[in-house]
Amino acid sequence: MLTIENIYKPDLVEIIDIIQETPDIQTFKLKFKDPEVQKNYSFKAGQFAEYSVFGEGECTFCIASPPTRMEFLECSFKAAGKVTKAMSRMNVGDTMGLRGPYGNWFPIEQMKGKNVVFIAGGIGLAPVRCIIKNVLDLRSEFKDVTIVYGARSVNDLVYKYELEEWKNMPDVKTVVTVDPGGETPEWTGEVGFVPTIVEKVAPSGEDTVAIICGPPIMIKYTFPVLEKLGFKDDNIITTLENRMKCGLGKCGRCNVGNIYVCKDGPVFNLTQMKTLPDEY
Amino acid sequence: MNEYIITSTNINQLAGELLNEGYNVVAEAEDGTAFIAVAAGSNVILNPFGKPTNLSPKQYIFPKTETLFYYKKSQTDVEIIDPTGLGHKTVIFGTKPCDSAANKILAKVFNWDYKDEFFNKRVENTVVIGLKCGYRDAQCFCTSVGLSPESGEGSDVFLTPLENGDYLAQTITEKGAKFVEEHKKMFDAISADKNKPVPMPEAPAKKFDAAKVKVWLDSNFENEFWDGLGDLCLGCAQCAYVCPTCHCFDIVDENFDYTSGRRVKNWDCCQFTMFTKHASGHNPRSVQSDRFRQRVNHKFKYYPDRFDMILCTGCGRCSRGCGVGMDISEIVQAIDNLK
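Residues numbered from 1 in each chain as written. Chains lettered and ligands numbered in written order. Predicted model: local features only at pLDDT ≥ 70, side-chain atom pairs only at ≥ 80, totals over all residues.

Scanning chain B for helices and strands turns up 11 helices and 11 strands. Relative to the 2.2 N^0.38 estimate, which gives 20 Å for 339 residues, the radius of gyration of chain B is 22 Å and therefore close to what a compact globule would have. The 339 residues of chain B split such that 41% are buried. Once local pairs closer than 6 in sequence are excluded, the contacts in chain B between residues at least 24 apart make up 72%. (Helix = DSSP H or I, 4+ residues; strand = E, 2+ residues; numbered from the N terminus. Rg over C-alpha atoms; globule rule 2.2 N^0.38 Å. Buried ≥ 20, exposed ≤ 12 C-beta atoms within 10 Å, placed from the backbone. Contact = placed C-beta atoms within 7 Å.)

As a further point, take the overall build of chain A. Helix and strand content of chain A: 9 helices and 13 strands. The C-alpha radius of gyration of chain A comes to 19 Å, within 12% of the 19 Å expected for a compact globule of 280 residues. Seen through its C-alpha atoms, chain A measures out along the principal axes to roughly 60 × 45 × 35 Å. Long-range contacts, defined as pairs at least 24 residues apart, comprise 69% of the intrachain contacts of chain A with a sequence gap of at least 6.

This brings us to the pairing of strand β2 (residues 24-28) of chain B. Residue and element names in this part refer to chain B. Where burial is concerned, most of β2 is hidden: 4 out of the 5 residues are buried. By the bridge criterion, 3 bridges tie β2 to strand β6 (residues 90-95) in an arrangement that is parallel. Among the inter-strand pairings, V26 is bridged to a residue of β6, identified as I92. Note that β2 and strand β3 (residues 35-37) share 3 bridges and pair antiparallel. Each bridged residue has a counterpart across the sheet, and for A27 the counterpart in β3 is I36. (Pairing = 2+ DSSP bridges.)

Residues and elements named next belong to chain A. Structurally, the position occupied by V13 is in strand β1 (residues 11-22). For the pair formed by V13 and G93, sequence separation is 80 residues and the distance between their alpha carbons is 9.5 Å. Once residues lying within four places of it in the same chain are set aside, the contact partners of V13 are L30, K31, F32, K33, M96, G97 and L98.

The next thing to look at is the interface of chain B and chain A. Contacts between the two partners involve 45 residues from chain B and, on the opposite side, 37 residues from chain A. Listing elements by their share of the side of chain B that touches chain A, those giving two or more residues are β4 (65-73), β5 (78-81), α4 (117-124), β10 (249-255), β11 (260-267) and α9 (288-307) of chain B. Sort the elements by how many residues they give to the side of chain B that touches chain A and β10 of chain B lands first, with 6 residues. Considering only residue class, the side of chain B that touches chain A consists of 21 nonpolar, 8 polar and 16 charged. (Nonpolar A, V, L, I, M, F, W, Y, C, P; charged D, E, K, R; others polar.)

Next up on the list: the packing of helix α6 (residues 194-201) of chain A against helix α7 (residues 216-228) of chain A. All names here are of chain A. With their axes 8 Å apart at the nearest point, α6 and α7 run at an angle of 25 degrees to one another. The orientation of α6 relative to α7 falls into the category roughly parallel. Regarding α6 and α7, the two cross each other, and that crossing is right-handed. Counted together, V194, P195, V198 and E199 of α6 and M218, Y221, T222 and V225 of α7 form the full contact between these two elements. For the contact of α6 with α7, a count of residues per class yields 6 nonpolar, 1 polar and 1 charged. (Axes fitted to C-alpha atoms, helices over the stretch in contact; angles between N-to-C directions. Parallel < 35°, antiparallel > 145°, perpendicular 65-115°, else oblique. Left-handed = near helix turned anticlockwise from the far one by under 90°.)

Structurally, the position occupied by E58 of chain A is in strand β4 (residues 57-62). Separated by 38 residues in sequence, E58 of chain A and M96 of chain A place their C-alpha atoms 9.8 Å apart.

What follows is about the nonpolar core. Residue and element names in this part refer to chain A. Grouped together as the largest cluster of nonpolar side chains are 163 residues, with contacts concentrated most on I63, F118, I119, I131, V148, A210 and I211. It is helix α4 (residues 125-137) that provides the largest number of residues to this core, a total of 7 residues. Excluding anything up to four places from it in sequence, I119 contacts V148, V194, V198, A210, I212 and T222. (Core = buried A, V, L, I, M, F, W, Y, C linked by C-beta atoms within 7 Å.)

The next point concerns the confidence of the model for chain B. Residue and element names in this part refer to chain B. Averaged over chain B, the pLDDT score is 95; the fraction of residues at 70 or greater is 99%. By mean pLDDT, the top-scoring element of chain B is strand β7 (residues 126-131) (98), and the lowest-scoring one is helix α7 (residues 229-232) (89). Both scores are available for the predicted complex, with the pTM at 0.93 and the ipTM at 0.92. (pLDDT = per-residue confidence, 0-100.)

A separate point is the pairing of β1 of chain A. All names here are of chain A. Bridge count for β1 against strand β6 (residues 95-102) is 4 bridges, and the pairing is antiparallel. Counted as the bridge partner of L12 is G97 from β6. Here 8 bridges tie β1 to strand β2 (residues 25-32), and the two strands are oriented antiparallel to one another. Residue T22 lies in a different strand from β2, and its bridge partner there is I25. Hairpin connection, β1 to β2: the antiparallel pair is bridged by 2 residues.

Residues and elements named next belong to chain A. Read from one edge to the other, the open sheet built from 7 strands follows the order β10-β9-β8-β7-β11-β12-β13, with strand pairing classed as mixed. Among the strands making up the open sheet, the edge pair consists of β10 (190-191) and β13 (267-269). In this structure, strand β7 (residues 115-121) lies alongside strand β11 (residues 208-213), joined through 6 bridges in parallel fashion. Counterpart to N115 in the pairing with β11 is T208. Packed on one face of the sheet, α6 meets β7, β8 (145-151), β9 (172-178) and β10 and runs near 160 degrees to β8.

Another aspect to go through is the packing of helix α6 (residues 210-218) of chain B against α9 of chain B. Residue and element names in this part refer to chain B. In contact at an axis separation of 10 Å, α6 and α9 are set at 85 degrees when each is read in the N-to-C sense. If you check the angle between α6 and α9, you find them roughly perpendicular. Residues A210, V213, K214, L217 and D218 of α6 lie in contact with α9, whose contacting residues are N297, F300, K301 and P304.

This part is about the sheet that holds strand β8 (residues 157-161) of chain B. All names here are of chain B. Across the sheet, 7 strands lie side by side as β1-β9-β8-β7-β6-β2-β3; this open sheet has mixed pairing. Strands with a single pairing partner mark the edges of an open sheet, and in this sheet they are β1 (3-6) and β3. Neighbour-to-neighbour, the strand axes of the sheet open up by a mean angle of 25 degrees, direction not taken into account. Relative to strand β9 (residues 167-171), β1 runs antiparallel, the two sharing 4 bridges. Bridging across to β9, Y4 finds its partner in A169. Sheet contacts for helix α1 (residues 8-20): β1, β2 and β6; angle to β2, the most-contacted strand, approximately 145 degrees.

By the burial criterion, the buried members of α4 of chain B are E117, F118, F119, R122 and V123 of chain B. Where the residues of α4 of chain B are buried, they touch β4, α3 (102-109) and β7 of chain B.

Right, let's get into the environment of M274 of chain B. As for its position among the elements, M274 of chain B is in the loop between β11 and α9. Placed 28 residues apart in sequence, M274 of chain B and C246 of chain B show a C-alpha to C-alpha distance of 17 Å.

Our focus in this paragraph is unusual backbone geometry. All names here are of chain A. Following G100, the chain continues to P101 via a peptide bond in cis, the omega torsion being 10 degrees. Along the polypeptide, P101 turns up in strand β6. With an omega of 10 degrees, the peptide bond running from G265 to P266 counts as cis. By the element assignment, P266 lies in the loop between α8 (261-264) and β13.

See the structure below:
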């Protein structure tokens, strides 16, 4: 028998619910099969995990539910690769594996007492949603909260049920937009690209932290907007994605220069991003 | 450090005894291609003047395929079963200094944060009986990365060939001393008249100054120097597979049938297109020159940045084996000559 600590061995989780977010994006609610593991599990908003489908392999994504609600964990994924396609064929009651949490997290302590603006595009809302819900659960500890979320089309918006909830909160400004051409006749939200909408609705950079995640092109065009609004580089925070296998700083594929995204990230501020070579 | 004499006859006897004690005994294959298991009754090949084997002995501490666990699936449940037979007691005979030095380098990445106990268990259970190296060719560059063909670094016991065909055995580590102590009857006391080492050729000349190269790498991630390199490279990854220090790996599931299988850690390589390719199709290292830049930087900048060690022992295998004649020591030398 093996008598070593096996860092590659996942804990077993059961799928307790599946939400079809869009035609190809699903959210799984997961619960550890061992109640002791469930009871002792903890993580911080922004961390990621390795999810197993036994017989298919592992894939990496953030934990999308907040650490303030620990009755289950959620992850959202697009059926894009081998493992996520296998996940999309799974049912409630099925068993998966989970390793983690890994990596660093959003600096929530530094955000307290400040305005916060959340900017997300497409499935990039998943990691941001984790910290949004974390902040909203501790609402009184933050000043103004603004959420800007965009997707290519109405069909591509994820967490629609929560977008409505956030829109109805009196102390949260939520703006949802779709790219031009992506609207439906019934659409009442904004039409336009995320950077444009951010320029219109975001507060000034004074005393404000921006959390941003989405397609590289969206991030690229939003950074200058935030700089124009007076955001300091230290207060512009994003989460990087690179292909990962181990999540443990060993397998050697997620590195950007000498940085391991899985260990030194995935959360980086713009000051740090500016020191990274263009390899992500 | 203690010094003994061991005769060739006793080396073969020692191997036989170790096999009886249940050890895996590993040494160079007769054809010099790899390190392989020594069968009962066959001789241990020590090849101080021979070319380094095509494959490094890395696989004995970091196997090409390592079972992480087995799984058994039922309708909705899964059972995870620990692997067996990990870290079998092993003695490796005759690794040259460029191979012996690799384990300590690899130990850094496998232990800097999370501990990879698969690696550690194998290292712990392996006795390295290193050998002084008398081989020199145009691809050797151990002296450029701070090593030497006469260094016992990484060996537990270090052998030096003597003119009468015997070997001087020096215990380098506590593990080595204990190993010799446990097999004392195979080792003789030093006698002055027997103790003449075979003369060794001069150490390879230094091809580059690694510290100076690192300074250039520190500020030249973007540089036209890298552009042409990818044109030649086939991206076949032989360089990584023969390397004693390359350690990038993949994690995949292998199904035995519909309900059972195993998860394994397999050797992988940064020279493959798919290595960094995202599910979205985006690839941060989209062309071969990006990937070759990664290889050079990982060895001569990133690893020294993180772990204060060069990820290379100068064995020259990658260059000897390269199908298109790329030679990393020449490339790094060219960097050194840039200014």
